[in-house]
Amino acid sequence: MSDSVWYVAVQGQQQGPLSQDEVINGIRSGRFGRDAHVFSQGMDNWAPISSRAEFAQAFAGAASMAPPPPPPRGAGAHDIEYELFGEEMQYVEITLDPGEACIAEAGAFMFMDPGIQMQTIFGDGSGQEGGGFMGKLLSAGKRMVTGESLFMTMFGNSGGNKQKVAFASPYPGKIIPIDLRRHGGRVLCEKDAFLCAAKGISVGIAFQRRLGAGLFGGEGFILQKLEGDGLAFVHSGGTILSRELAPGETLRVDTGCLVAFESQVTYDIQMVSGIKTAFFGGEGLFYAALTGPGRIWLQSLPFSRLAKKIFGAIPQQKGEGSILGGVGLGALLGGDS
């Protein structure tokens, strides 16, 4: 057998390094199903395990074993069409066939055709928490933990032909369309990033496993978790960077610049080295360490950074009796007046 070193990803969890023999034994024992992906040196990206000649034959002996079931995703997301408009202030126009629907955060709505019916619902309408009032209440309660409203808005096409509905970004930046089918059915994002999605997409929460990430990550212990088999749209500030991290590759970023990442990416918080750099560098005490494999999305202008600049530019009145006539000494020295 070859002495190649392999990595195996199963439902977002990476295993390895493994020898080729170990991977084959894992297939025959049922540990690795056809839904697993593999990566080795010399490959450009992850590939389905059954597509590799090294392992395809091993599935012949494991044909009687059923592959592990995928994570529950309700009845499946609606297959919607979309188009993005604008550059710095974007909006997304979604086309719905008769009977199709999409969900959106409160305040994102821009316009809709007459055949679109708008309905306020508990949670996200995905049905993943089961039927009945308690299931809906549990789904809505998860949204409260992220600071969102108990309710979401669903827009459905009740007409006999295609209808359009549009949602706008809340501040300058980019709207990122994410087809969850291409990202293992699950993507994590910052809690205010979600904009809208096809009906059937679950919008939940993900608790940080590492204490450092929870305490110092800038987003608390909680991130939003988007799950399903359809389209979701998230919003970022400024310019967006989409990057694929190779297995073991680590990128350190400002915690506020992180928008979203695939669930198999390892997310941790590290402290800036050096006392002078930490306290006088102007970049904060901590940064996020993202380790592949998987895709990440970064933003160049976090809303918190934009808000800080706007707040700092607002004149601070110190009183009319000042000998400077209401102009602060800092403003004079800084050249603002």
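The notes below deal with the structure included here.

**Considering the side chain of Thr95**
By the secondary structure assignment, Thr95 is in strand β6 (residues 91-96). On the basis of relative accessible area, Thr95 is assigned to the buried category, the value being 13%.

**Let's talk about the state of the cysteines**
Enumeration over the complete set of coordinates arrives at 0 disulfides. Cysteine Cys102 remains unbridged, with the sulfur of Cys196 as its closest cysteine sulfur at 6.3 Å. Exposure remark for Cys102: the relative accessible area of 0% places this residue in the buried category.

**A look at the sheet that holds strand β11 (residues 163-168)**
If you walk across this open sheet you meet the 4 strands as β5-β6-β11-β8, and the pairing is antiparallel. Each having just a single partner strand, β5 (81-85) and β8 (109-112) make up the two edges of the open sheet. Direction aside, neighbouring strands of the sheet carry axes that sit 20° apart on average. Two strands pair when backbone bridges link them, and β5 and β6 are joined in this way by 5 bridges, in the antiparallel orientation. Bridged to Glu83 within β6 is Glu93.

**Examining the environment of Ala198**
Following the sequence through the fold, Ala198 ends up in strand β14 (residues 194-198). Along the primary structure Ala198 and Leu231 are separated by 33 residues, whereas in three dimensions their C-alpha atoms are 5.7 Å apart. Sequence-distant contacts of Ala198, defined by excluding residues within four places in its chain, comprise Ala77, His78, Ile80, Ala101, Cys102, Ile103 and Leu231.

**So, the sheet that holds strand β12 (residues 173-179)**
Read from one edge to the other, the open sheet built from 6 strands follows the order β9-β10-β7-β14-β17-β12, with strand pairing classed as antiparallel. A single partner strand is all that each edge strand has here, and the edge strands are β9 (116-122) and β12. The average angle at which neighbouring strand axes cross in this sheet is 20°, direction not considered. Two elements, β9 and strand β10 (residues 151-157), share 7 bridges in a ladder whose sense is antiparallel. Note on β10: the bridge partner recorded for Phe122 is Phe151.

**Regarding helix α1 (residues 20-28)**
For an α-helix the count is 3.6 residues per turn, leaving residues at separations of three or four pointing the same way. Within α1, the full set of buried residues consists of Gln20, Val23, Ile24, Gly26 and Ile27. Down the axis of α1, the buried set is contained in an arc of 160°. They therefore lie on one face. Of the residues flanking the end of α1, it is Gly30, one or two places downstream, whose phi is positive at about 90°.

The rules behind the values
- Residues numbered from 1 in each chain as written.
- Predicted model: local features only at pLDDT ≥ 70, side-chain atom pairs only at ≥ 80, totals over all residues.
- Heavy atoms only, no water.
- Helix = DSSP H or I, 4+ residues; strand = E, 2+ residues; numbered from the N terminus.
- Buried < 20%, exposed > 50% of the residue type's maximum accessible area, 1.4 Å probe, protein only.
- Disulfide = S-S within 2.5 Å.
- Pairing = 2+ DSSP bridges.
- Axes fitted to C-alpha atoms, helices over the stretch in contact; angles between N-to-C directions.
- Contact = heavy atoms within 4.5 Å.
- Arc of directions from axis to C-beta.

Scope: geometric values only; no functional claims are made or implied.
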